[in-house]
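Observations on the three-dimensional arrangement
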Amino acid sequence: TVGDATSELLLAMGLTPLLHIVDGQEKRERRSLPLADLINTELTVKNNPGEISSESFNLIKDIFQQKPPIRLLVDGEEDLLVLPVCLFAPENSVVMYGQPNEGLVIAEITDEVREKVQKIVNQMK
C-alpha cells in the first residue's frame with residue numbers, strides 16, 4: 001500500500017497494510033501518520049519530488065524481507081514509489097494508492113503489471 005489517505009481507508013475497513021509508504025502530507029498539507037501502534041518496522045528514506053532516488057529504489061527492492069507491518073517514511077515525496085513497489089512486491093500482492101482528485105487505484109501484482117511498470121521505469125532513466 002502506498003499513501004497516507006489510503007492507509008486510513010484500509011484501517012476503517014479493518015485491514016492493516018503490510019507496507020505503508022507515507023510522506024506525512026496530502027495535497028501539500030501536513031497530516032498525522034496512522035498505524036502508530038501497529039508498525040513493527042519503520043524505515044526512512046529521502047526521495048525528491050518527481051523522482052525515484054536510487055536509495056528509495058534499492059530500499060523498496062529489499063523491504064519485503066522486513067517484518068510487517070512496515071512504515072516507510074519518506075523525506076520528500078512518495079508519489080512515484082508505487083512503481084518500485086509494483087516491481088518488487090510478492091506475486092498476487094495488492095497495491096493500493098490514492099490518485100489525487102480521482103479516488104483509489106487498486107492493482108494486483110502480476111507479470112503483466114510488472115512488465116508495464118518496468119517499461120515506465122526504463123523510460124525514466
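To start, this report covers the structure provided alongside it. (Residues numbered from 1 in each chain as written. Predicted model: local features only at pLDDT ≥ 70, side-chain atom pairs only at ≥ 80, totals over all residues. Heavy atoms only, no water.)

The secondary structure content of the chain amounts to 4 helices and 7 strands. Secondary structure of the chain in N-to-C order comes out as α-β-β-β-β-α-β-α-β-β-α. Here the chain, with 125 residues, has 38% of them falling under the buried criterion. In the chain, the proportion of contacts linking residues at least 24 apart, taken out of those at least 6 apart, comes to 60%. Entry remark: accessible area of the chain is about 7,300 Å², with carbon and sulfur atoms responsible for 49%. (Helix = DSSP H or I, 4+ residues; strand = E, 2+ residues; numbered from the N terminus. Buried < 20%, exposed > 50% of the residue type's maximum accessible area, 1.4 Å probe, protein only. Contact = heavy atoms within 4.5 Å. Areas by Shrake-Rupley, 256 points an atom, 1.4 Å probe, with all protein chains shown as cover.)

Pairing between the strands of a sheet comes from backbone hydrogen bonds, and it takes one of two forms, parallel or antiparallel. If you trace the 3 strands from one edge of the open sheet to the other, you get S1-S5-S4, paired in parallel fashion. Edge strands, defined here as strands with exactly one partner in the open sheet, are strand S1 (19–22) and strand S4 (41–47). Here the strands of the sheet are splayed against their neighbours by 20° on average, with no regard to which way each runs. Sheet topology places S1 next to strand S5 (residues 70–76); 4 bridges connect them, and they run parallel. (Pairing = 2+ DSSP bridges. Axes fitted to C-alpha atoms, helices over the stretch in contact; angles between N-to-C directions.)

Right, let's get into the pairing of S4. Taken together, the 7 bridges between S4 and S5 define a ladder with parallel strand orientation. Looking at S5, one finds that Glu 42 is bridged to Arg 71. At this point the chain moves from S4, through helix H2 (residues 54–63), to the parallel S5, and the crossover so formed is right-handed. (Right-handed = clockwise from strand over helix to strand, strands pointing away.)

With respect to the helices and strands, the residue Thr 41 is situated in strand S4. According to the relative accessible area criterion, Thr 41 is buried, its value standing at 11%. In this structure Thr 41 touches Gln 66, Lys 67, Pro 69, Ile 70 and Arg 71, once residues within four positions along its chain are discounted.

A separate point is the nonpolar core. In this structure, Ile 21, Leu 72 and Val 85 are the most contacted members of the largest nonpolar core, which totals 19 residues. Within the residue set of this core, elements represented by two or more residues are S1, H2, S5, helix H3 (82–88) and helix H4 (111–124). (Core = buried A, V, L, I, M, F, W, Y, C linked by side-chain atoms within 4.5 Å.)

Before going further, it helps to examine H2. Restricting attention to buried positions, one finds in H2 the residues Ser 56, Ile 60 and Ile 63. Viewed end-on, H2 has its buried residues packed into an arc of 60°, placing them on one side of the element. (Arc of directions from axis to C-beta.)

Within a pair of aromatic rings, the relevant descriptors are the distance that separates the centres and the angle that separates the planes. On inspection of all chains with the given rule, the structure shows 1 aromatic pair. Here the aromatic rings of Phe 57 and Phe 88 are separated by 5.3 Å at their centres, their planes lie at 80°, and the arrangement is edge-to-face. With a gap of 31 residues between them, Phe 57 in helix H2 and Phe 88 in helix H3 connect regions that are remote in the sequence. (Phe/Tyr/Trp six-rings, centres within 6.5 Å; stacked < 30°, edge-to-face > 60°.)

Turning next to a nonpolar patch on the surface. Taken together, the side chains of Leu 9, Met 13, Leu 15, Val 94, Leu 104 and Ile 106 define a hydrophobic patch exposed on the protein surface, amounting to about 540 Å² of accessible area. Residue placement: Ile 106 occurs in strand S7 (residues 103–108). (Patch = residues over 30% accessible without salt bridge, like charges linked within 9 Å, V, L, I, M, F, W, Y side chains within 5 Å. Salt bridge = Lys/Arg side-chain N within 4 Å of Asp/Glu carboxyl O.)

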